[in-house]
Amino acid sequence: MTYILVKNGTLIDGNGGQPIQNAAVLIKENKIVQVGKLEDINLPNEEVDVVDAENGYILPGLIDTHVHLMMEFTDIRKSLATPFAYKFYQAIGYMKKTIDAGVTTVRDAGFTDLGVKQAVEDGLVLGPRMQVSINPLTITGGHGDNWTRSGIDTTSPSYPGMPSGFCDGPEQVRQKVREMLRAGADIIKVHATGGVMSPTDHPEFTQFSQEELRIIVEEARFRRGIKVMAHAQGAEGIKNAVRAGIHSIEHGIYLDDEAIELMLKHGTYLVPTLLAPVAVLEQGKNSDNMPEHAIQKSLEVIDIHHESVSKSFKAGVKIAMGTDAGVMPHGSNLRELNLMCSIGMSPMESIVATTKVAAECLGWEDKLGTVEEGKLADLVITKVDPLANISSLEDQTNIVAVMKDGQIVKDLRVGTSNLVTQ
């Protein structure tokens, strides 16, 4: 049995309480077995691998509930000239950048197949623990339809393990849920409204009827107890999704008072992805990769998005951190926390949204999200106090160590781990 003692740091445990100074975390294999002040830890009478936090800050492994690990936005001309298999090799780098940011768990919101998840689980490549949605469900002409008015369709092709997400009408949506489940989906993703990036719709356009959304929710839940997440930006589409029993609303740009009340009533999570339109505008300014329609729609929605999320937070809607990473570069995930603070969250509340609440959104609160006895040993050590400077987390050099499942997968500390016999 291998023990690891993480010590000499201040613990921010994810529960939102007062940080614990001179804290220690005792780990056995991949589980946390004791947490508290160093002097209160009962050390075993055997070898213990000591990890010195070097007066840094110990946090739970961070969670991003909305990423796209198999993509990173680029010029469509380059994408069309790139061999199909190349994206799998690119994803290796995307996943490492995600880990290096301190994000040890993600919910992939589309385009990552079961093989990628399994390769990480089997240790073939380094990456975050993940839930995958396979391919989002979309209507013809909807947010997931990249057919352009020139007649060229730039929608990613389906392949074994990645069924097409196109479906129209009750019977087709039922079939598509079954296909995604067959392909290994942990969660179903549906586009309930238009969006910023799609070429022929608008964020306020409602897509899928409430009946279709209800069928999607029922088919997922009744067959395997699986939840549904909805890309939903316009108010009517959001309300349709919540009434249908959707588990989480992604983006939530045009939330009105009725939508917020419905989310509170149903316990629906909001995953704001505040970084997404910001990143679209940055890329539009700094390169010619971003299409004009995406830039214009981002300019239109960015302020109302901020206002909607702020109103939702103040009303008490459950907010889980998510970024839409892939629209922006992977590894820049923690920029979202500073944006969450800009809508009224405290630094501690933004950390809780990225740990405890995010784990609850994934249904993994029993094993992740907080530094507590019995949970998986996912830890992050930072050299700067994130409560004093939340934006310090954006600099990956401040994330000096990352542990996933009891294994150190990133280590920039000055010292090194050493073995001592207690």
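For every chain, the first residue of its written sequence is number 1, and the numbers climb from 1 along that sequence. At least 70 in pLDDT is required for a residue's local features to be given in this predicted model, at least 80 for side-chain atom pairs to be given and counted, and no such filter applies to totals for whole chains, interfaces and linings, which use all residues. Computation of side-chain values: all heavy atoms of the structure, hydrogens and water removed.

Novice: Please set out the environment of Val327 residue by residue, giving values where relevant.
Specialist: Note on conventions: DSSP H or I runs of at least 4 residues are helices, E runs of at least 2 residues are strands, and numbering of each starts at the N terminus. Structurally, Val327 can be placed in the loop between β12 (318-319) and α10 (335-342). A residue is classified by how much of its surface remains accessible, and Val327, at 8% relative accessible area, is buried. Note: C-alpha distance between Val327 and Val317 (ten residues apart in sequence) is 25 Å. Using a 1.4 Å probe on the protein chains alone, a residue whose accessible area is under 20% of its type maximum counts as buried, one over 50% counts as exposed, and one in between counts as partly exposed.

Novice: Lay out the sheet that holds strand β9 (residues 228-232) in plain terms, naming residues and giving numbers.
Specialist: Hydrogen bonds between backbone atoms are what pair the strands of a sheet, whose relative direction is either parallel or antiparallel. Reading across the sheet, the five strands line up as β8-β9-β10-β11-β12 and stay open at both edges, with parallel pairing between neighbours. The sheet is open, and its two borders are formed by β8 (188-191) and β12, each paired with just one other strand. Any two strands between which DSSP finds at least two bridges are classified as paired. Where strand β10 (residues 248-251) meets strand β11 (residues 269-271), three bridges bridge the pair, whose relative direction is parallel. Paired with Glu250 across the two strands is Val271, which belongs to β11.

Novice: Would you mind going over unusual backbone geometry in detail, with residue names and values included?
Specialist: If you check the backbone angles, Ile134 has positive phi at about 65 degrees while not being a glycine. For Ile134, the location among the structural elements is in the loop between β7 (129-132) and α4 (170-182). Residue Asp405 is not a glycine yet carries a positive backbone phi of 55 degrees. With respect to the helices, strands and loops of the structure, Asp405 is situated in the loop between β14 (399-404) and β15 (407-411).

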